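Next come the chains, spelled out residue by residue.
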Amino acid sequence: MGDDMPEPIMTMAAVLATRATTAAFGGLCRWVKEQFSPEAQAVLEAAIEAPEDQARVEELGRELERAEQADPEFGRQLRERYERANVEIHADNGSVASQISGNVSGKVIQARDITGNITF
């Protein structure tokens, strides 16, 4: 299932800035904006307006970091929502994406196109 290391905040900031208009990350950007102070909202908007501007993206990363340190629940939800958006992006590109979390037991199958039966 890939590695379980959480995305670094700066990577998340860059993805938010560059993919803010996509269906998957648009909702995440709106949620982050709702959580942010007016000053932090301005930083988010500036990064979205110019995602190629490294200084703006780094400032967004610092705002995300500050918010995460001030409110660990924000940090947890940010990472959870980010992972969900990432899965949606990969699924939108025609691949198969599965995300399993929590206490899971039993068998799991991941498939895209199946012809015929599946037997365990």
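Look above for the structure.
Residues numbered from 1 in each chain as written. Predicted model: local features only at pLDDT ≥ 70, side-chain atom pairs only at ≥ 80, totals over all residues. Heavy atoms only, no water.

Trainee: Give me the overall build of the protein chain: which residues, what numbers.
Mentor: Broken down by element type, the protein chain carries 5 helices and 0 strands. For the protein chain, the sequential pattern of α-helices and β-strands runs α-α-α-α-α. When each of the 120 residues of the protein chain is scored for burial, the buried share is 28%. Within the protein chain, contacts between residues at least 6 apart in sequence are counted, and of these 54% link residues at least 24 apart. (Helix = DSSP H or I, 4+ residues; strand = E, 2+ residues; numbered from the N terminus. Buried < 20%, exposed > 50% of the residue type's maximum accessible area, 1.4 Å probe, protein only. Contact = heavy atoms within 4.5 Å.)

Trainee: Requested: an account of the environment of tryptophan 31, with residues and values cited.
Mentor: Here tryptophan 31 is to be found in helix H2 (residues 23-35). Overall, tryptophan 31 belongs to the buried group, its relative accessible area being 8%. In this structure, the C-alpha to C-alpha distance between tryptophan 31 and glutamine 77, residues 46 residues apart in sequence, is 9.9 Å. In contact with tryptophan 31, not counting residues within four places along its chain, are Phe74, Gln77, Leu78 and Arg81.

Trainee: Describe the packing of aromatic side chains, with residues and values.
Mentor: For the structure on display, the rule yields 3 aromatic pairs. Centroid distance tryptophan 31 to phenylalanine 74: 5.2 Å. Interplanar angle 5°. Geometry classified as stacked. Linking tryptophan 31 in helix H2 with phenylalanine 74 in helix H5 (residues 72-92), this pair joins segments that are 43 residues apart in sequence. The pair formed by tryptophan 31 and phenylalanine 74 is uniform in burial state, with each residue classed as buried. Among the aromatic side chains, those forming a connected cluster through ring pairs are Trp31, Phe36 and Phe74. (Phe/Tyr/Trp six-rings, centres within 6.5 Å; stacked < 30°, edge-to-face > 60°.)

Trainee: I'd like a rundown of the side chain of glutamate 68, residues and numbers included.
Mentor: Topologically, glutamate 68 is positioned in helix H4 (residues 54-70). Within the structure, the side chain of glutamate 68 is placed 2.8 Å from the side chain of arginine 79, a separation counted as a polar contact. With sequence-adjacent residues up to four places away left out, glutamate 68 is seen in contact with Ile9, Phe74, Gly75 and Arg79. (Polar contact = N/O pair within 3.5 Å; in protein donor to acceptor, adjacent residues only side chain to side chain.)

Trainee: Tell me what's going on with H4, and back it up with residues and numbers.
Mentor: A rise of 1.5 Å per residue sets the reference length of H4, with its 17 residues, at 24 Å; its end C-alpha atoms lie 24 Å apart and thus fit the reference within 8%. For H4, the set of buried residues is Val57, Leu60, Gly61, Glu63, Leu64, Ala67 and Glu68. Taken around the axis of H4, the buried residues stretch over an arc of 160°, which confines them to a single face. Exposed positions of H4 whose direction lies more than 90 degrees from the buried face are Ala55, Gln69 and Ala70. Taking the backbone nitrogen of alanine 55 as reference, a side-chain oxygen 3.1 Å away marks aspartate 53 as the first, capping residue of H4. (Expected span 1.5 Å × (residues − 1). Arc of directions from axis to C-beta.)

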